[in-house]
Amino acid sequence: MRPDHPYYETIQQVNRQLRHMWVNWGLVPLGLAFILMALVSVLRPVKGAAEPEQLALGFKGVMAAGAALFLMGFWLDGRWTEAQRLARMVYQAAGGNGFRPSKAHLALQADRIMDSLMLSTKALTVIGLLIGLAAVLGAAAGLRFGYSIQILLLALAFQLFIYSRHPYYREVMLAALNGELVAEEKEGK
């Protein structure tokens, strides 16, 4: 997008907001989780030779919780930010129940799209924090550092997933600002 575009500054602001949230509430806490996990592993080393089955069961439990959170975040984001769902929401908010709203009427509802995108981003951020916390709790529960770091890598992968969604969010926001976020008409109508 070029600087002379009418919505250049708005999209740049959205970009800054998304990046700020991702760094401050995603990456920084992930780094803190790594530090806490390392401290817990050093201060509370695994004592004796734990049963391999018990260790594996503990790792599987914590990893399953982290993976479930990852999948829940993936599903929620797909549901909350799906373009057709957002288009229907804008269409109804613009009074599209009795008449077909113009692009200008649809564009006036762009703030609803932004709210939905930010809600999804906040939910994803909380889920990412919980996955990072699972790694710390796993270390506190006696998992070896290598197992805990794998869970933390899952949290990092989740943060990369969140970041990968930012271009889509900008694209949807730009379409909303231009009044081009239009719901597909159902066949038979």
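All residue numbers refer to positions counted from 1 along the written sequence of the respective chain. Confidence filtering applies because this is a predicted model: local features only for residues at pLDDT of at least 70, side-chain atom pairs given and counted only at 80 or more, and all residues used for totals across whole chains, interfaces and linings. For the side-chain quantities, the full set of heavy atoms in the structure was used; hydrogens and water were omitted.

Participant: Looking at this model, I keep getting lost on the nonpolar core. Mind explaining?
Facilitator: Ile-113, Ile-131, Ile-151, Phe-158, Met-173 and Leu-181 are the most contacted members of the largest nonpolar core, which has 47 residues in total. Residue assignment for this core shows that the elements contributing at least two residues are α1 (8–43), α2 (52–80), α3 (83–93), α5 (110–140) and α6 (145–177). In this analysis, two residues are considered to be in contact whenever any of their non-hydrogen atoms come within 4.5 Å of each other. Setting aside chain neighbours within four positions, we find Ile-113 in contact with Leu-86, Met-89, Val-90, Val-172, Met-173, Ala-176 and Leu-181. Among buried residues, the Ala, Val, Leu, Ile, Met, Phe, Trp, Tyr and Cys ones that are joined through side-chain atoms within 4.5 Å form a nonpolar core. Burial status follows relative accessibility: with a 1.4 Å probe on protein chains alone, a residue under 20% of its type maximum counts as buried, one over 50% as exposed, and anything between as partly exposed. Counting from the N terminus, the helices are the DSSP runs of H or I reaching at least four residues and the strands are the DSSP runs of E reaching at least two.

Participant: What am I meant to see in α3 here?
Facilitator: Three or four residues apart is the spacing at which side chains of an α-helix point the same way, because the helix has 3.6 residues per turn. For α3, every residue scored as buried is listed here: Gln-84, Leu-86, Ala-87 and Val-90. Projection of α3 onto a plane perpendicular to its axis shows the buried side chains occupying an angular sector of 160 degrees, all on one side. Backbone geometry just downstream of α3 places Gly-95 in the positive-phi region, at approximately 85 degrees. In this description, the arc belongs to the directions extending from the helix axis to the C-beta atoms.

Participant: Explanation requested: the pattern of salt bridges in the structure shown.
Facilitator: Between side chains of opposite charge, pairing is possible as soon as their charged atoms come close. Each reported salt bridge corresponds to a side-chain nitrogen of Lys or Arg within 4 Å of a carboxyl oxygen of Asp or Glu. As enumerated under the stated definition, the model contains 3 salt bridges in all. Across the salt bridge formed by Glu-9 and Arg-16, the nearest N and O atoms sit 2.9 Å from each other. Taking relative accessible area as the criterion, Arg-16 reaches 41% and is therefore assigned partly exposed. The partner of Lys-103 in a salt bridge is Glu-180, with the nearest N and O atoms 3.9 Å apart. Taken as a pair, Lys-103 in helix α4 (residues 103–107) and Glu-180 in the segment after α6 lie far apart in primary sequence, 77 residues in all.

Participant: So what exactly am I meant to see when it comes to a nonpolar patch on the surface here?
Facilitator: On the surface, Val-23, Val-28, Leu-32, Phe-34, Ile-35, Leu-36, Leu-39, Val-42, Leu-43 and Phe-145 cluster together into a nonpolar patch covering about 930 Å² of accessible area. It is α1 that contributes the most residues to the nonpolar patch, 9 residues altogether. In this structure Val-42 comes out as exposed when scored by relative accessible area, which is 64%. What goes into a patch is any residue over 30% in relative accessible area without a salt bridge, connected to like charges within 9 Å or, for nonpolar side chains (Val, Leu, Ile, Met, Phe, Trp, Tyr), within 5 Å. Each accessible area value is a Shrake-Rupley result obtained with a 1.4 Å probe; residue values ignore everything except the protein chains displayed when judging cover.

Functional significance is not addressed by these values, which are geometric in nature.
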